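Okay, here's what each chain looks like letter by letter:
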Amino acid sequence: MSELALELKGVHKRYPVRAPESGAGEELLRGVELSVARGEFIAIEGQSGSGKSTLLHLLGGLDADYTGEVRVMGEELRALSDAARAALRNRAIGFVFQSFNLLPQLTALENVLLPEAFCTTKGGIPDARARAKEALEEVGLGGKSSSRPGELSGGERQRVALARALLAAPPLVLADEPTGNLDARTGQGVIELFQRLHARGTTLVIVTHEVRVSRAATRVLLLREGRLEAPRIDPLQTEGEGAR
Amino acid sequence: MKLSQLASITRRNLGRNVRTLLVSAFGVALGVGALTFFLALGAGLSVAVSTVFPPVTREIEVVLPQVAVGALLGGDRKLDDEAVAQLSRIRGVERAWPKMTLRFPALSRYNGSFFGKELHMGLEVIGVGIPSELVAADVKLPFVDPGAGSTKPIPIVINRRFLEIYNKVFAPQRGLPKLSESMLIGFTFPIDLGRSWVAARTMPNPQESSLQLVGFSDLATLAGVTMPLPAARRLNALFGLDSDTYSSVLLSARSSSEVSQIAEKVKEAGYDIDESERSRALQIGAAVRMATLALALLAALISLLSSVNIAQSFFASVRERRREIGILRAVGATRFDVQSLVLAEAAATGLSGGAVGLLGARFIAALLDHLARTRLPDFPFKPHSFFVFEPWMFAAGALVALCASIFGAWVPARKAAALDPARALAE
Ligand SMILES: Nc1ncnc2c1ncn2[C@@H]1O[C@H](COP(=O)(O)OP(=O)(O)OP(=O)(O)O)[C@@H](O)[C@H]1O
Ligand SMILES: [Mg+2]
């Protein structure tokens, strides 16, 4: 097994242009290099529109339309079949998206249980139901397990998504601004949760604008002009500078 | 993906777009309902037709050709004993039954009490003689010619369908009593042999005699009364008419599968086949089948339209749920899983629509039957039900419902499966 949880080499990504007459679309990722060892806690910062979400989708095996190399848990994504990529997402990756995360017709608990429905390993996720309830407790939503997303606040919805990302105890958790909708106290709770996961050996890649998150991370990277680089200003020292 | 999870997610999705799905399901219900309704109606009418015209499956009636080609060529074809023997030797023929019509006119005049009513009536009677064994199973009294000089009535059998027509049309119109077969057995009435309403046809030596009804048979002629062959032969001779040749020969095939081959041989031998009875049953049966087929095709067309409707609403639903599909993919759904989810939803919609359609068809059929029983006047051979629902029709209905919905949702499902999850989630 690879020592690296993630490995990106010369990754380029260009979106097909929406209006063809405006010429070939601008390249969004222009040679991203990244090596993340197992157990690292990475925070990714960057201006709005710099391509952070795009990068996270690539890391999560949701997008195979790139050039270069993306290895997740040692596997080159494009070499995998659709089913194999789906299985990788199901077992190895926990996802928290920036905005839309939940199926509106399912309750919070059912949303958390969703990965179990697509688990192809024999016996599925062990004790899935009990673990789903535990995960909801862990994000502070134990009392909302039967609420529908429509009845939850934006922050609550994002925490349900976080609980779902934890269900299968995946070795890699990817989160896109998980604290963006949270007040200071709740946000702090989520950061502490990340720290606990980190302590358990989970690899975390968190896209964030929040200094508190970056401070908790073991490494902070900045996505700028299509590349990942170390931030010029140490976020530990200049609070507020890390935000947009 | 596990089946139970598929079912559960599908159920939730269905619960969400109830209104659009109801429209889709209604289309399927209409198509499937119409299909089973028409199939059942066709089957019911077929049954009704076969009671009016029992399909003659093993009998062939051989007659002389209308325009005897043989005669033109100098040949002289006759339906005599030799011809009967020849016909009975055709492969597959079990037995040949000669028939001889009365070749003189006859008149039945009835004056008197008829089952409690006064009846005055005169009828030209057409008679035909047949071998007694042909109707042996149907007669209740001896069916033998009493012979010359006897004062006993000549036994006759009449076709069963007469009684139905008498009871449903004739009797009600004239205020005559309805009769059952058992009431009529033994009924005797006078007949003037050699006499006709048409004066010119009356023979010089008319005879008074009487007929006694001894049974009802499907094999009896529809055109008059059927008597023992020796009686017909004797009476024709009495009037100095041809008593050697037969008017037709009925061939019974050993099995119905041999009928067409026998018919061919009969024609090769220069005879003709009287297909009026057989072809009437066949023609009406064919007409019913054609009508059923046309209506079933119409129903199939409705089903096809319902699939177009399903396609439309599932295109809309997939478009609306792009991000949800993205989420499903993110938590581990394969393209195939996504496709299965959409198809399962369509199948559930279609099957529930189909079930409603089947129940609806059954209900409307029951309602129409009830109206027919209570509101329609009685008519001959009025069936108790115009519909026959058979299990295969329900199975076919369910299958059509399933196919229509899967067919309609196929392209939307493929589209959902092909969706780029990253792009859907970025929206
Ligand atoms: N499917 C797509 N097709 C074309 N362009 C896209 C697509 N998805 C994103 N983009 C463009 O790519 C750029 C980067 O988008 P992305 O969502 O990755 O940015 P981001 O860094 O996550 O921004 P934010 O901080 O606001 O969330 C944007 O300009 C966006 O318009
Ligand atoms: Mg983003």
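Residues numbered from 1 in each chain as written. Chains lettered and ligands numbered in written order. Predicted model: local features only at pLDDT ≥ 70, side-chain atom pairs only at ≥ 80, totals over all residues. Heavy atoms only, no water.

1. What about the overall build of chain A?
The secondary structure content of chain A amounts to seven helices and 10 strands. Its C-alpha radius of gyration of 18 Å places chain A within 12% of the 18 Å reference for a compact globule of 244 residues. Judged by the C-alpha coordinates and their principal axes, chain A covers about 50 × 45 × 40 Å. Taking all 244 residues of chain A together, 55% fall into the buried category. For chain A, contacts bridging at least 24 residues in sequence account for 71% of all contacts bridging at least 6. Surface exposure of chain A reaches about 10,700 Å², of which carbon and sulfur atoms provide 48%. (Helix = DSSP H or I, 4+ residues; strand = E, 2+ residues; numbered from the N terminus. Rg over C-alpha atoms; globule rule 2.2 N^0.38 Å. Buried < 20%, exposed > 50% of the residue type's maximum accessible area, 1.4 Å probe, protein only. Contact = heavy atoms within 4.5 Å. Areas by Shrake-Rupley, 256 points an atom, 1.4 Å probe, with all protein chains shown as cover.)

2. Concerning the overall build of chain B
If you tally the helices and strands in chain B, you get 13 helices and 11 strands. Whereas a compact globule of 427 residues would reach a radius of gyration of roughly 22 Å, chain B reaches 33 Å, over 25% beyond that. The principal-axis extent of the C-alpha atoms belonging to chain B is close to 110 × 55 × 35 Å. Taken over 427 residues, chain B has a buried fraction of 46%. Within chain B, contacts between residues at least 6 apart in sequence are counted, and of these 82% link residues at least 24 apart. Accessible area for chain B stands at about 21,100 Å²; split by element, carbon and sulfur atoms hold 63% of it. Positive and negative charge centroids in chain B, built from 45 and 35 side chains respectively, lie 12 Å apart. (Lys, Arg positive; Asp, Glu negative; His and termini not counted. Charge placed at Lys NZ, Arg CZ, Asp CG, Glu CD.)

3. Details of the coordination of the magnesium ion (ligand 2)
Residue and element names in this part refer to chain A. Every protein donor of the magnesium ion (ligand 2) is accounted for by S53 (OG) and Q98 (OE1), and the metal-donor separations fall at 1.9 to 2.2 Å. With a gap of 45 residues between them, S53 in helix 1 (residues 52-59) and Q98 in the loop between strand 6 (93-96) and helix 3 (108-117) connect regions that are remote in the sequence. For Q98, a relative accessible area of 37% gives the class partly exposed. (Donors = N, O, S within 2.8 Å, 3.2 Å for Na, K, Ca; no water.)

4. With respect to a nonpolar patch on the surface
Taken together, the side chains of B:F363, B:I364, B:L367, B:L368 and B:L371 make up a nonpolar region of the molecular surface, amounting to roughly 440 Å² of accessible area. The residue B:L371 is located in helix 11 (residues 335-375) in this model. (Patch = residues over 30% accessible without salt bridge, like charges linked within 9 Å, V, L, I, M, F, W, Y side chains within 5 Å. Salt bridge = Lys/Arg side-chain N within 4 Å of Asp/Glu carboxyl O.)

5. Side note on the confidence of the model for chain B
When pLDDT is averaged along chain B, the result is 88, and 96% of the positions lie at 70 or above. Taken over the whole predicted complex, pTM reads 0.76, whereas the ipTM for its chain interfaces reads 0.90. (pLDDT = per-residue confidence, 0-100.)

6. Focus: the interface of chain A and chain B
Chain A puts 28 residues into the contact, and the matching count from chain B is 27 residues. Across the chain A/chain B interface, buried area totals approximately 2,500 Å², and carbon plus sulfur atoms make up 62% of it. The largest per-residue losses of area from chain A upon contact with chain B belong to A:F100, A:Q105 and A:F118, which jointly make up 28% of the total buried on that side. Between B:R335 and A:D82 there is a salt bridge, and its shortest N-O distance comes to 3.8 Å. Of all elements in the fold, only helix 2 (82-92) and helix 3 of chain A reach the threshold of two or more residues within the side of chain A that touches chain B. (Buried area = accessible area lost by both parts, 1.4 Å probe.)

7. Re the domain arrangement of chain B
All names here are of chain B. Its domain assignment divides chain B into domain 1 (3-53 + 281-426) and domain 2 (59-274). Domain 1 and domain 2 are separated by 54 Å when their C-alpha centres are compared. Around 530 Å² of area is buried between domain 1 and domain 2 when both sides are counted, 63% of it from carbon and sulfur atoms. Joining domain 1 to domain 2, the criterion identifies two salt bridges. (Domains from an automatic or database assignment.)

8. Some thoughts on the side chain of B:D369
All names here are of chain B. One can find D369 in helix 11. The buried charged residue D369 lacks any salt bridge partner; its closest oppositely charged side chain belongs to R373, at an N-O distance of 4.9 Å. A distance of 2.5 Å separates polar atoms of two side chains, one belonging to D369 and the other to S385. Those residues in contact with D369 that lie beyond four places of it in its chain are H384, S385, F386 and F387. (Polar contact = N/O pair within 3.5 Å; in protein donor to acceptor, adjacent residues only side chain to side chain.)

9. So, the site of ligand 1
Around ligand 1, 16 residues are found, and the nearest of them are A:S48, A:K52, A:S53, A:T54 and A:Q98. Positioned at a junction of chains, ligand 1 has nearby residues supplied by chains A and B. Taking A:T54, its side chain carries an N or O atom lying 2.6 Å from an oxygen atom of ligand 1. When residues of the shell around ligand 1 are assigned to their parent elements, the largest contribution, three residues, is made by helix 1 of chain A. Here the residues of the shell around ligand 1 sort into three nonpolar, nine polar and four charged. (Near = heavy atom within 4 Å. Nonpolar A, V, L, I, M, F, W, Y, C, P; charged D, E, K, R; others polar.)

10. Side note on the sheet that holds strand 5 (residues 75-76) of chain A
Pairing between sheet strands relies on hydrogen bonds along the backbone, with the strands arranged either parallel or antiparallel. Residues and elements named next belong to chain A. An order of 2-1-4-5 is seen for the four strands of this open sheet, with the pairing classed as antiparallel. What marks the edges here is a single partner per strand, and that holds for strand 2 (27-37) and strand 5. Relative to strand 5, strand 4 (residues 67-72) runs antiparallel, the two being bridged by two bridges. Its bridge partner being in strand 5, R71 is matched across the sheet by E76. (Pairing = 2+ DSSP bridges.)

11. Observations concerning the packing of helix 3 of chain A against helix 4 (residues 128-138) of chain A
Residue and element names in this part refer to chain A. Interhelical geometry of helix 3 versus helix 4 gives an angle of 125 degrees and a closest axis separation of 9 Å. The angle between helix 3 and helix 4 falls in the class oblique. Along this stretch, helix 3 crosses helix 4, giving a crossing that reads as right-handed. Residues A108, L109, V112, L113 and E116 of helix 3 pack against A128, R129, A132, K133 and L136 of helix 4. (Axes fitted to C-alpha atoms, helices over the stretch in contact; angles between N-to-C directions. Parallel < 35°, antiparallel > 145°, perpendicular 65-115°, else oblique. Left-handed = near helix turned anticlockwise from the far one by under 90°.)

12. Section: the pairing of strand 8 (residues 203-207) of chain A
All names here are of chain A. Counting buried positions over the five residues of strand 8 gives five, a clear majority of the element. Here strand 8 shows two buried faces, one formed by T203, V205 and V207 and the other by L204 and I206. Two strands pair when backbone bridges link them, and strand 3 (residues 41-46) and strand 8 are joined in this way by four bridges, in the parallel orientation. When the sheet's bridge partners are listed, F41 is paired in strand 8 with L204. Note that strand 7 (residues 172-176) and strand 8 share five bridges and pair parallel. When the bridges of strand 8 are listed, V173 appears paired with L204. Crossover handedness for the path strand 7 to helix 6 (residues 184-200) to strand 8: right-handed. (Right-handed = clockwise from strand over helix to strand, strands pointing away.)

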